[in-house]
Amino acid sequence: MRAVVQTVGRAGVTVDGEVVGAIDDGLLVLLGVTHTDTVETARTMARKVHELRILDDERSAADTGAPILVVSQFTLYGDARKGRRPTWTAAAPAEVAEPLVAAVVEALRARGAKVETGRFRAHMLVESVNVGPRTVLLDL
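Conventions used here
Residues numbered from 1 in each chain as written. Predicted model: local features only at pLDDT ≥ 70, side-chain atom pairs only at ≥ 80, totals over all residues. Heavy atoms only, no water. Pairing = 2+ DSSP bridges. Helix = DSSP H or I, 4+ residues; strand = E, 2+ residues; numbered from the N terminus. Axes fitted to C-alpha atoms, helices over the stretch in contact; angles between N-to-C directions. Buried < 20%, exposed > 50% of the residue type's maximum accessible area, 1.4 Å probe, protein only. Polar contact = N/O pair within 3.5 Å; in protein donor to acceptor, adjacent residues only side chain to side chain. Contact = heavy atoms within 4.5 Å.

Caption draft 1: Spatial organisation of the sheet that holds strand 2 (residues 18-32). Judged by pairing direction, the sheet is mixed, and its five strands sit side by side in the order 4-3-2-1-5 without closing on themselves. For this open sheet the edge positions go to strand 4 (115-117) and strand 5 (125-139), each flanked by a neighbour on one side alone. The mean angle between the axes of side-by-side strands here comes to 35°, regardless of whether they run parallel or antiparallel. Here three bridges tie strand 3 (residues 68-72) to strand 4, and the two strands are oriented parallel to one another. Counted as the bridge partner of Val70 is Thr117 from strand 4.

Structure below.
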């Protein structure tokens with residue numbers, strides 16, 4: 001599992017003109033799933049995201065209650081080493097990835113996090129206003 005975590009002043013996801021998830025002053029998490037990921041991997045990712053000390057004064061969302069917007073992003077497993085056209089073979093198929101993205105969201109909520117999401121398999125417009133900018137790659 002792989003995540004790009006960014007501090008944002010605001011972030012939102014729009015699908016077909018409808019805002020399906022939005023936050024202010026929190027974390028935007030672009031989340032990719034690979035073939036070997038499990039529910040346990042999802043729980044570990046949720047803990048790492050929630051406790052990541054990326055906010056002001058080296059604080060985490062767990063410390064501050066900052067909201068988290070999770071957006072599925074299979075392209076995090078794109079591979080363009082052999083040319084200009086990436087392959088997506090390292091990304092888990094949707095049937096595998098969707099429940100694991102949901103497991104990360106559920107685990108974050110179980111930890112007390114306020115979580116918004118994108119919409120799986122939808123053409124999403126993701127907007128963000130980065131703060132800092134502070135961006136961290138988590139790769140499990």
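Caption draft 2: Region of the structure containing the side chain of Gln6. By the element assignment, Gln6 lies in strand 1 (residues 2-15). Judged by its relative accessible area of 16%, Gln6 falls in the buried class. Here Asn130 takes part through its side chain, which lies 3.4 Å from a polar atom of the side chain of Gln6. The contacts of Gln6, once residues within four sequence positions are left out, are Gly26, Leu27, Leu28, Ser128, Asn130, Arg134 and Thr135.

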